[in-house]
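Summary of structural features
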Amino acid sequence: MAAAQSERDRDAPSALCSEFLSFSAKDTAARWLAAADLQQEIYRHLAAYVPRILCVGPSGCSSREEQREEQREELACQLLLLAPLEWLLLGAEPAAGLAALQENNSPSPLCGHVFKVGEPTYSCRECAADPTCVLCMQCFLGSVHKEHRYRMTTSGGGGFCDCGDAEAWKKGPYCHKHTPTSSSRDSEEDPVALLPADMVSRSSSIFSVLLRYAVAMLTWDQEDQLPAGLEPPDRGDSYYCMLFNDEVHTYEQVIYTLQKAVNCSQKEAVSFATTVDRDGRKSVRYGDFQFCDQAKSVIVRNTSRQSKPLRVHVMHSSVVAHQCFALKALSWLGQIIQYSDGLRRILCQVGLQKEEGEYSSLVDKLMLNDSKMWKGARNIYHQLLMNSLLMDLKYKKIFAIQFAKNYRRLQTDFMEDDHERVVSVTSLSVQLFTVPTMARMLMVEEDLMTTIIRTFVDHLRHRDLQGRFQFDRYTAQQAFKFGRVQSLIGDLKYVLISRPSEWSDQLRLKFLEGLDAFLELLKCMQGMDPVVRQVGQHIEMEPEWEAAFTMQMKLTHIISMIQEWCSSDERVLIEAYRKCLSALSVCHSGLPDGEQPISLSLAGHCVETFRYQVSQDKVSIHLPVCRLLAGLHVLLSRTDVANRYPEQLPLGELSPPLLIELPLRCLVLCAQVHAGMWRRNGFSLINQIYYYHNVKCRVEMFDKDIIMLQAGASMMDPNHFLMIVLSRFELFHIFSSADCRKRYSEANKDVIQQNNTLIEEMLHLVIMVVGERYVSGVGQVEAFDEVRREIIHQLSIRPMAHSELVKALPENGNKETGLERVIDTVASFKKPGVTGRGLYELRPEWSKHFNLYFHHYSRADQSKVLTQIHLQIHTLQPSRPVQGTHTNTCTNTHYSRADQSKAEEAQRKLRRQNGEDTALPPPPPPPLCPLFASLVNLLQCDVLLAVEGAVLQWAVEPSGGGWTESMLQRVLHLVGVALLEEQQQLENSSGEDDVTFNYTCKITRPGEAPSTSGSVLALLESLQNAPHLEVHKDMITWILKLVANIKTMRERTPSTSSVTVCQGQRPEETVRDKDKAERKRKAEMARLRREKIMAQMSEMQKHFINENKELFQQSMEELEASTSAAADSSPPSADSGGVSQVCVGPRRVGRAERRQLVTCILCQEEQEVRGHGRAMVLAAFVQRSTVLSKNRRKNLPDPEHHDPVFMHPDLSLGIYTASCGHIMHATCWQRYFEAVQLKEQRRQQRLRGHTSYDVENGEFLCPLCECLSNTVIPLLPHTHTPHQSVDHPCLEAWLKTTIQQVAALHWAHRKQSDGEAEGAEPAVPEGFRVDFTPHNPFSSSVSEMITTFSMSTYKVGLKLNPNETDPRVPVLSWSTCAFTIQSIERLLMDEEKPLFGSLPCRQDDCLSSLARFSSACWTAAPPTTTHTHFIRLLAALVPDSQVENTPCILDIDMFHLLVYSVMSYGSVHSLDQSGRRAVDSAHLHLLHLVTVAHLVQILLTSTTEEVCMDQDGGESEEEELTCQLYNTLRKHLGSVLPEVTSSWQLLSCVKAGILPFLRAAALFFHYLNSAAPPADLLVSGPGQWEALLSFLSLPSNLLQLHHSQHTLLDPLIHRWCGHPGVRQTLGGGGVPVQFPRESNRLIELPEDYSVLINQASSFTCPRSGGDKSRAPTLCLVCGCMLCSQSYCCQTELDGEDVGACTAHTSTCGAGLGLFLRVRESQVLFVAGKTKGCFYPPPYLDDYGETDQGLKRGNPLHLCAERYRKIQRLWRQHGVAEVIGHAQEANQTLVAIDWQHL
């Protein structure tokens, strides 16, 4: 049935084609216009054509077929369906009609550009009304904001550009393009009036019909029927099995299910899954009903096991076709209205026209059915809403009201839906609610604020018996649901984001109604997640805490915004305060603990409270109602409402003890947790306390608790306040005992320790309550001062980067911290280098504002500080035991202990450097606001004095462990704060009577009976010189000076008080001088002691040497010998007898014959490097490389048939060897490697393989430096200096002999293969024996290592399994030597370093070993193999009729040819037994031949542009000879070579072209023959050319090589040029490589990162039909943009699916790649399939920091140094090593699948 059906469908297109030709859109439109019922006519047309055009068969098998099908459908739709509509609408030819419409249109100033996924968006931090106001790139570049501070992010898709919206910007709302002209200023006039009347009526009816049709089809829920009027004329049995997207099932589940259900391949299933994910639905089968239904049942059955099944419908093809056309119709409407604002308004009118029935309008129907639609449909109609309703200000308002009316229902639908918010209609709230006027209008008219809050509360249904929220275990599903509910908070934030400057009565009323609803929400949170201390046994199951804190974090900004709204209107503030207070009293009435009243008395004061113990009863950290009241209380003070309208405020109803009760419990809980009393409550409580202090929550949690305590303390007797605090801290019994100063005795050490910590915490709390005044409204400060203080204290810990500071400061609703306004006044910026980031350092003049007990210092840091101080101070002074220094220190704070201690240490260090004392006194506090003024009385109240006296008394008698230094430090701090307060009051007072604060008097009074010990001052004086309190001496001295100073001030009359201060400083100075002298004396003593010890040690050393003379004598001789040897090996100076150094040929001089001793890193045994000794090896890493490639498009060679004997000059693929330089015995290395293999086998059984190295591929980490290695290079001895007795033939004689030798070898090979050779045996030079088997100069262990390294290069170079018999093995060994030398030569050239002497030792050793190994590797191969290679190589230079397939001279890299010839010649030379011919002359002749060939190669490929430069005088000899050689070539090649007139230019071309070859040859022979380089080549500068030629035994005029031997060489040149390949290449048959080859660089990157983001946002996935790529990734090597990390672009590589990046590296970088992930601003290194790492990008913000993931959004600019560093890493072949180190350092359990990127 299905087959027959599809046959019929195949005929349909041909029938349509004939109709195409006869169809007239104009006539159809005319017929429609005349019709009585337009809708009926259009429906009839659609019913006839739509099912025949769209969805007429199964989707194409290949993507190409599918694209063709899509194009056919598009064309047919346009011609048969949309063209008649356009004719009807415009009444003219569409193109002309639309152009006329656009011409007459006066466009709206709104930009309205809808963002694509990943497109850059810009928000001005100075002018945007809120962070959601953004500009597209074009508008931003044309606006004033590009000069301001701005934030750059990438769009998630869906929003639009706010350019032209005056409400979105404080200033500069228009860019150049959208600035309204004077003619278009009047936005009130109706744009419909500008259109012809007949067009208005036509468009209205067309839009009405089409929109009705589209809405009906998109909300249609029947799978088999169509709406009335749309039934097809002939209805066949053709169905689609339609699979819909959901966010529950994974890609893998869908792919697996589809393979089973519709029997498709993995590739097709991936394509289906990708489309379903992108478009929301996809047909997976086409055929009759039964055929499709069968697939549906399999899909449902397979996916319903773990969760709800995938949604699948079997739909009639005509229904699917009409739904597809409905989407095309909506897109068409969106395009048409872009031409005219009048048409846009008509569409808006049609969409929002009131209708009878369930839905009030068509738009309403779409919105309310949103969650039933698939993703693609939603996207298209949302886009239309944005292009129409949201671009027309009048209808935007009407739509907003409609949206607000439906708000609750839309949100409920969204909760039930499983699609992301970005494809839900609820996401349009950001476009409506962020417009301030609209938000307020909706608040007043539609109760928006109340609606949002009530909807939110309704969706959180879980409550306990008291009505508080109670969350279940936080499962993934729970988190998913909860995440959806939180989007409501986002909407509320949009509504409140900009506070009103003017209030109407209606707005006041509605806001306060909203506040009522909000207080109901907070009441449900008040006291949620209560905890009870576990005693005896650890808690069994960690309670749920995350949901509550997630909610708190989300609501933090809302609470702050509500307070801002209240602060802007006094009436609202007073009413809000009342409401909040009554809500709090409701919460208090529910507390069960007011039953047992108790009375407390201490220091002559008495207070009534009730029994409650945090350590026994329930306590909760969530107190939002209390904290909101605290915030409003501060506002009363800040706005001065409390002063002006006291009668309107319910201050009399406040019960201060009740106000402080709950916050105090919370702070006591933190103190007890720190004291270790809640250990058995597990991590959930620790986490809650961490977040309570964390910067994300503290503003509305910890900070408000402190403020509430300040408010309470300022309204009650300070003694009563402190007694309640002591009682809640459970310390009252300690200080209320009759003789508290005699320290209570307690047997249990743990209890003592707990109490000590609680006393410290309690004192710290008092310090915070009295001293934390940097909140506007508590102290007389501004927000600026508050931020400045935070920054000072953060930078007191250490210099910090901008991002660290931002993280440490709380953000407001606009994501601003206020940092930038302040930072430059207090800190200086240090720019970063090539690594690291820019840092801010505190300016020294601000360090006096440092407060050790700053309340935001978090806990972990403080203890480190104090320990460090103790250490430092104890090292400064002679050691003595410190008693009672139990350093379980400090506070309940946010500045972590580590922060505090680091900060303290830093400050003390600074003071020591500046020669000041190391006391850290409290900074002078700012004055308090009137409402909080009575807080200072806490400092002088009797209870606090009693506590201070007790602690000081304990410190005087440090016998037991009953006190701590931290306790004393806090008491001294409190004393200091009180004295500063008194001093400030005295300075600011006009007379003695003003000063109510009299602390100095109180601390001089002795303690009252019964504890009649001394006064606080007396105790301080007795502690000043206590030996066990050296640490605090400076602080006590400072306090006593201050007391003396205040006394003098009090004695003077007010008029002279200012003078008194100056005089009062003199006695201080004398005390300070005494202190300095004392310190100096101690330092001097310490110095003398050190010197004495050093002298003793020196004496002992001499004595030892005298006793062991022989031993030292021997080692000194060895030392002298080695230094003299080193002197020999170091290059001789230039004037050493006028003999120039030579590295090749008979005149070369090797190193002095000396032993080469090395030490094994594994067994530490020393060993001489000998050919017949034990093998020593060097750890090495061999890798394929395309770093020098000049042709990246070249396909990688087929490993089975690749012939590597001739390297092409494009160097498209080389083998590079690097080494870390560490040497081992071969046997030691083998044992080590076997152990690594064994360990890996065990590891795989346990967990998983090791990621940083792959043992199966022979990889390991160097045992010493952990550098990635995959083989070892054997160390071989130096070559000997040639004997002078041997004769050195000239080139001609040598060539003749060699040709004879080659002929003999040819004959021998033929004889060996055929059994007999034709013709007579050729003449053989004397002593040359073809059948001779040379003696192997190496021991078996060395030979084995030679084979090991040969196999490694073979395996890596060809990607084949090892095969020792393959004749290509020696060639690949030579290849890695040549390529490595070439790479290093390029590197030295690019970095402008000298050729010799600038390489690190490890590279030097590596090249030396490689060159010697390559010259010896022929010994491990069959002789005939190497002979054959030599014969073929020589034939390229000296053409040989018996050798076939010799490449032309332009297709050979000459340096590789030189190395291969020199290396292979060794095996031929070994057959010569005459002993008269040296190998050195052969090397020299080979060098000469190859150099001439290279000269010819350069001249053939040179393109000299004519540059007319007047040359002085005639031609030089060099120029003349160059022209001669060029003319010789022209004689052979004729017109293929152009004529060159400038011989000077030709010569410079030759010199530049041959220089890299000569440099590489010099390096090669230097390492091969161990020749010392000349002095000129050890430095960079002039004289290089001459020194190079002399070092290589070449004539100073290089062209003499050809000229002196031209009779011999001309025939060779003639034959080189006669090769057909030369003429073909030069004639345009190929692109010849030009010399010198330019060094490869990574691609040029734009300076501004947003250019890259923009590029990436327009990049579409090459396989997903125009879909935007989710992770566009740029290859830094070739500039190709890839679609990474996605199923759509996975390809198969070696039988495995890999991502686009891994696939690309195999062609572009031979398995190694460098990429920039554009959306993440991250560099990705990939090596092979299993290795990769992320690397910091080269883009930095203005603060010298990278922004990986683009989280901060600061503008990014290219840092050239960092990019150069990445480039250097690539050129040095160091990427694999970086990856290895990164993976070794990051052994996480969840490994990244690098191959899928």
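The shown structure was predicted, so the numbers you read here are calculated from the model rather than taken from an experiment. (Residues numbered from 1 in each chain as written. Predicted model: local features only at pLDDT ≥ 70, side-chain atom pairs only at ≥ 80, totals over all residues. Heavy atoms only, no water.)

1. Some details on the overall build of the protein
Counting its regular elements, the protein contains 61 helices and 27 strands. Across the 1797 residues that make up the protein, the buried fraction comes to 55%. Long-range pairs, those at least 24 residues apart, make up 78% of the contacts in the protein with a sequence separation of at least 6. By element, 51% of the accessible surface of the protein is carried by carbon and sulfur atoms, the whole surface being about 77,500 Å². (Helix = DSSP H or I, 4+ residues; strand = E, 2+ residues; numbered from the N terminus. Buried < 20%, exposed > 50% of the residue type's maximum accessible area, 1.4 Å probe, protein only. Contact = heavy atoms within 4.5 Å. Areas by Shrake-Rupley, 256 points an atom, 1.4 Å probe, with all protein chains shown as cover.)

2. Focus: the nonpolar core
Counting residues in hydrophobic clusters, the biggest one holds 296 residues, and the most contacted among them are F207 and F399. Excluding its chain neighbours within four sequence positions, the residues that come into contact with F399 are L352, V363, M367, L385, L389, L390, L428 and L432. If you look at the next biggest cluster of nonpolar residues, it comprises 217 residues, including A168, C1220, L1395 and L1676. (Core = buried A, V, L, I, M, F, W, Y, C linked by side-chain atoms within 4.5 Å.)

3. Points about the environment of L366
Note on placement: L366 falls in helix α13 (residues 362-368). Sequence separation between L366 and A216 is 150 residues, and the spatial gap between their C-alpha atoms is 9.1 Å. Excluding anything up to four places from it in sequence, L366 contacts V215, M373 and Y381.

4. A short note on the sheet that holds strand β18 (residues 1271-1274)
The sheet built from three strands is open, its strands ordered β15-β14-β18 with antiparallel pairing. Of all strands in the sheet, those with a lone pairing partner are β15 (1214-1225) and β18, marking the two edges. If you compare each strand with its neighbour and ignore which way they point, the axes differ by 40° on average. Here nine bridges tie strand β14 (residues 1176-1185) to β15, and the two strands are oriented antiparallel to one another. Paired with M1176 across the two strands is H1225, which belongs to β15. The strands touched by helix α46 (residues 1340-1358) are β14, β15 and β18; relative to β18, the strand with the most contacts, the crossing angle is about 135°. (Pairing = 2+ DSSP bridges. Axes fitted to C-alpha atoms, helices over the stretch in contact; angles between N-to-C directions.)

5. A short note on helix α14 (residues 375-387)
With 13 residues, α14 extends 18 Å between its outermost C-alpha atoms, agreeing within 8% with the 18 Å of an ideal straight helix rising 1.5 Å per residue. Of all 13 residues making up α14, ten are buried, and the element is well covered by its neighbours. All of the buried residues in α14 are K375, G376, A377, R378, Y381, H382, L384, L385, M386 and N387. Packing partners of the buried residues in α14 comprise α7 (197-218), α9 (266-279), α11 (317-336), α12 (341-352), α13 and α15 (393-405). (Expected span 1.5 Å × (residues − 1).)

6. Brief notes about unusual backbone geometry
With an omega of -5°, the peptide bond between F1635 and P1636 qualifies as cis. Along the chain, P1636 turns up in the loop between α57 (1620-1629) and α58 (1649-1657). For N263, which is not glycine, the phi dihedral falls at a positive 55°. Examined against the element boundaries, N263 turns out to sit in the loop between α8 (251-261) and α9. Taking the relative accessible area as the measure of exposure, N263 reaches 68% and is therefore exposed. Phi is positive for E730, which is not a glycine, with a value near 60°. Its place among the elements puts E730 in the loop between α29 (718-728) and α30 (732-736). Classification of E730 by relative accessible area gives buried; the value is 16%.

7. Notes on the sheet that holds strand β3 (residues 239-244)
In space, the three strands of this open sheet follow the order β4-β3-β5, with antiparallel pairing throughout. Where the open sheet ends on each side, the last strands, each with one partner, are β4 (281-287) and β5 (312-316). Within this sheet the neighbouring strands show an average axis-to-axis angle of 30°, counted without direction. Across the face of the sheet, α9 comes into contact with β3 and β4 while running at roughly 130° to β4.

8. A few points about α11
Between the first and last C-alpha of α11 there are 28 Å, a value that for 20 residues agrees with the 28 Å anticipated at 1.5 Å per step. Of all 20 residues making up α11, 16 are buried, and the element is well covered by its neighbours.

9. Looking at the pattern of salt bridges
Within the structure shown, the criterion is met by 54 salt bridges. A salt bridge links R698 to E790; its shortest N-O distance comes to 3.5 Å. A residue pair is termed long-range when its members are at least 10 positions apart, and R698 in the loop between α27 (682-693) and α28 (702-715) and E790 in helix α32 (residues 783-797) qualify at 92 residues. Across this residue pair, the class does not change: R698 and E790 are buried. Between E1745 and R837 there is a salt bridge, and its shortest N-O distance comes to 3.3 Å. One end of the pair, E1745, is in the loop between β26 (1739-1740) and β27 (1757-1758); the other, R837, is in the loop between β8 (827-830) and β9 (839-842), and 908 residues separate them in sequence. Note on R837: relative accessible area 39%, which makes it partly exposed. Ionic contacts of the salt-bridge type, sharing partners, join the residues R125, E126, R149 and E820 into one network. (Salt bridge = Lys/Arg side-chain N within 4 Å of Asp/Glu carboxyl O.)

10. A short note on the environment of L110
In this fold, L110 is placed in the loop between α5 (94-104) and β1 (120-124). Taking the C-alpha atoms as reference points, L110 and T179, 69 residues apart in sequence, are found 9.3 Å from one another. Ignoring sequence-local partners within four residues, the contact set of L110 consists of C163, G164, D165, H178, L390, M391 and L393.

11. A few points about the side chain of Q431
Structurally, the position occupied by Q431 is in helix α17 (residues 429-433). Judged by its relative accessible area of 11%, Q431 falls in the buried class. For Q431, the contacting residues outside a window of four places in its chain are G158, G159, F160, L390 and K396.

12. Brief notes about a nonpolar patch on the surface
On the surface, I1093, M1094 and M1097 cluster together to form a nonpolar patch covering roughly 310 Å² of accessible area. Within the secondary structure, I1093 sits in helix α42 (residues 1057-1107). (Patch = residues over 30% accessible without salt bridge, like charges linked within 9 Å, V, L, I, M, F, W, Y side chains within 5 Å.)

13. What about the pairing of β5?
Counting buried residues along β5, four of its five residues qualify, which places the element largely inside the surrounding structure. With five bridges connecting them, β3 and β5 associate as antiparallel partners. Bridging from a neighbouring strand, M242 pairs with H313 of β5.

14. What about the packing of helix α47 (residues 1369-1390) against helix α50 (residues 1454-1469)?
The interhelical angle for the contact between α47 and α50, taken along N-to-C directions, is 135°, at an axis separation of 9 Å. As judged from the angle between their axes, α47 and α50 are oblique. Once α47 is placed against α50, the crossing between them reads as right-handed. Together, V1371, W1374, S1375, C1377, A1378, F1379, I1381 and Q1382 of α47 and F1455, H1456, V1459, Y1460, M1463 and S1464 of α50 make up the contact between the two elements. Among the residues forming the contact of α47 with α50, the class breakdown is ten nonpolar, four polar and no charged. (Parallel < 35°, antiparallel > 145°, perpendicular 65-115°, else oblique. Left-handed = near helix turned anticlockwise from the far one by under 90°. Nonpolar A, V, L, I, M, F, W, Y, C, P; charged D, E, K, R; others polar.)

15. Things to note about the state of the cysteines
Scanning all chains against the criterion turns up zero disulfides. The cysteine C1220 is free of any disulfide, with C1262 supplying the nearest cysteine sulfur at 3.7 Å. (Disulfide = S-S within 2.5 Å.)

16. Brief notes about the packing of aromatic side chains
Tallied over the full model, the rule gives 39 aromatic pairs. Judged by centre distance (5.0 Å) and plane angle (50°), the ring pair of F829 and Y840 falls under tilted. A residue pair is termed long-range when its members are at least 10 positions apart, and F829 in strand β8 and Y840 in strand β9 qualify at eleven residues. Accessibility expressed as a relative area gives 29% for F829, which makes it partly exposed. Overall, the relative accessible area of 4% leaves Y840 in the buried class. Seen from their ring centres, F850 and Y857 are 6.4 Å apart, and the 45° between their planes marks the pair as tilted. Both residues of the pair, F850 and Y857, count as buried. The rings of F399, F403, Y407 and F433 are connected pair by pair, giving a single aromatic cluster. Here the basic side chain of R281 rests over the ring of W374, its NZ or CZ set 3.8 Å away from the ring centre. Over the face of the ring belonging to F244 we find R311, whose NZ or CZ atom lies 4.1 Å from the ring centre. (Phe/Tyr/Trp six-rings, centres within 6.5 Å; stacked < 30°, edge-to-face > 60°. Lys NZ or Arg CZ within 6 Å of the ring centre and 35° of its normal.)

17. Focus on the packing of helix α40 (residues 1016-1024) against helix α41 (residues 1033-1051)
Where α40 meets α41, the closest approach of the two axes is 9 Å, and the angle between their N-to-C directions is 135°. Judged by the inter-axis angle, α40 sits oblique to α41. Regarding α40 and α41, the two cross each other, and that crossing is left-handed. Listed contacts from α41 to L1017, L1020, E1021, L1023 and Q1024 of α40 are K1033, I1036, T1037, I1039, L1040, V1043 and K1047.

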